[in-house]
Amino acid sequence: MEVVLQNLTKKFPSRDRKNRGDVVAVNDFTFEIPDGKLIGLLGPSGCGKSTTLNLISGLIKPTSGRIFFGADDVTDLPPENRGIGLVFQNYALYPHLSVRQNILFPLENLKGKDKLSKDEMRRKAMEAAKLVQIEELMERKPRELSGGQQQRVAIARALVKMPRVLLLDEPLSNLDARLRLQTREEIRRIQKETGITTIFVTHDQEEAMSISDRIVVMRDGIVQQIGRPQEVYDDPVNLFVARFLGTPPINVFEGQIKNGRLYIGEDCVLEVRGAADQSVYAAVRPEGFILSEDGPLCCRLGGVEVMGRDISVVSANKASLNPTVRSIISTESTVEDKEHVRFALKPRKVFLFNKEAEERIYCEVK
């Protein structure tokens, strides 16, 4: 099911007595979500991603704009008539009901031509349980389940009606790191098997990038960038997106373009073509450093962290906006115990941004 958002805006009354203006939670959001894709809404707390999800679900009404499911305008339809499945962060299971009864609950509320027989409902509940691999837990109560199992029950309950659109609001936030990894893989598997258009809200960029067909990066209710995860990571349109994506985070330096060269502090690190002389922010991905005895960028060595498959070099530079500079290099490299360490930079891992609007400066870096 294709989902189309047209100029979607949501304003809330301000609670600030000194400032009576409206708070804009979502600002003129326009986007077409292709049929059968998994879309990640990504951004920090307060960016408007959950509000967007609630607008799509019908839990809140937009101030302006329209929402379409395929050719159907669902903007004014209540949630129960939109054909959605919704999974919350806190699972929202009924504690007094068994797993089977929790999954059956949406089917028992069907009326009219959609009403099912008891045998049909039980069959559909078992199919949903098998899809999320909890068929052996059907008679247990939620309190007898782990967090990951409870989350699977919530997903099965959302899927049992085979909704047109599946909405997931930070469904993994309450799980530990290992279980979060396993569950996000399961969500991706289920989405591919069912082919249901899915919208996944998270503040965790690693989650969004690992399972989404496309990600939407938001800030203060405004869409910053939309694209395939790797494309957005490799080609951020502004400094906010560059900083938000990536673990460890991108390293940002005060830079200067002079006579076709990029300077970080006093170090001339790269050649730049097609950009005027100006002060810039130079952002370097952690994997964009090459350990080199005669490298142009000099940093004060702070320490070395062996991560198994690679090495994280922790250093400092006076021009860095980050407290520390983190460089990811191969374990085949040897970091000598010296006061300073020098790096060459990989041009395609270096991004330049203007200082006024922090927008990308598109030029040739080599």
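Before any of the text, the structure's been laid out above.
Residues numbered from 1 in each chain as written. Predicted model: local features only at pLDDT ≥ 70, side-chain atom pairs only at ≥ 80, totals over all residues. Heavy atoms only, no water.

## Thoughts on helix H3 (residues 118-131)
- Between its terminal C-alpha atoms H3 stretches 20 Å, which fits the 20 Å expected from 14 residues at 1.5 Å a residue.
- Residues Met 121, Ala 125, Ala 128, Ala 129 and Leu 131 constitute the buried set of H3. Across the axial projection of H3, the buried residues extend over an arc of 160 degrees, all falling on one side. Exposed residues pointing more than 90 degrees away from the buried face of H3 are listed as Asp 119 and Lys 130.
- Just downstream of H3, Gln 133 is the residue with a positive phi angle, here 65 degrees. (Helix = DSSP H or I, 4+ residues; strand = E, 2+ residues; numbered from the N terminus. Expected span 1.5 Å × (residues − 1). Buried < 20%, exposed > 50% of the residue type's maximum accessible area, 1.4 Å probe, protein only. Arc of directions from axis to C-beta.)

## Some thoughts on the environment of Arg 188
- Tracing the sequence through the fold places Arg 188 in helix H5 (residues 177-194).
- Residue classification places Arg 188 among the buried positions, given a relative accessible area of 16%.
- For the pair Arg 188 and Leu 167, spaced 21 residues apart in sequence, the C-alpha to C-alpha distance is 13 Å.
- Contacts of Arg 188, omitting those with residues within four sequence positions, involve Leu 38, Ile 211 and Asp 213. (Contact = heavy atoms within 4.5 Å.)

## Quick notes on the packing of aromatic side chains
- Under the counting rule described, the total for this entry stands at four aromatic pairs.
- Measuring from centroid to centroid gives 4.8 Å for Tyr 94 and Phe 105, while their planes differ by 45 degrees, and the two rings are tilted. Placement of Tyr 94 in the loop between strand S6 (84-87) and helix H2 (99-108) and of Phe 105 in helix H2 is noted, with a sequence separation of 11 residues between them.
- Taking the relative accessible area as the measure of exposure, Tyr 94 reaches 30% and is therefore partly exposed.
- Residue Phe 105 is classed as partly exposed on the basis of its relative accessible area, which comes to 29%.
- Measuring from ring centre to ring centre gives 5.1 Å for Phe 289 and Phe 343, while their planes differ by 70 degrees; the resulting arrangement is edge-to-face. Of this pair, Phe 289 sits in strand S15 (residues 289-291) while Phe 343 sits in strand S19 (residues 340-345), and the two are 54 residues apart along the sequence.
- The ring of Tyr 263 carries the charged tip of Lys 258 above its face, separated from the ring centre by 5.7 Å.
- Its end group placed over the ring of Tyr 233, Arg 285 keeps NZ or CZ at 3.9 Å from the ring centre. (Phe/Tyr/Trp six-rings, centres within 6.5 Å; stacked < 30°, edge-to-face > 60°. Lys NZ or Arg CZ within 6 Å of the ring centre and 35° of its normal.)

## Some remarks on the sheet that holds strand S7 (residues 165-169)
- An order of S6-S7-S8-S3-S9-S10 is seen for the six strands of this open sheet, with the pairing classed as mixed. Of all strands in the sheet, those with a lone pairing partner are S6 and strand S10 (222-227), marking the two edges. On average, each strand axis in the sheet is tilted by 15 degrees relative to the strand beside it, whichever way the strands run.
- The sheet contact formed by strand S3 (residues 38-42) and strand S8 (residues 197-202) spans five bridges and is parallel. Counterpart to Leu 41 in the pairing with S8 is Val 201. (Pairing = 2+ DSSP bridges. Axes fitted to C-alpha atoms, helices over the stretch in contact; angles between N-to-C directions.)

By themselves these figures say nothing about function.
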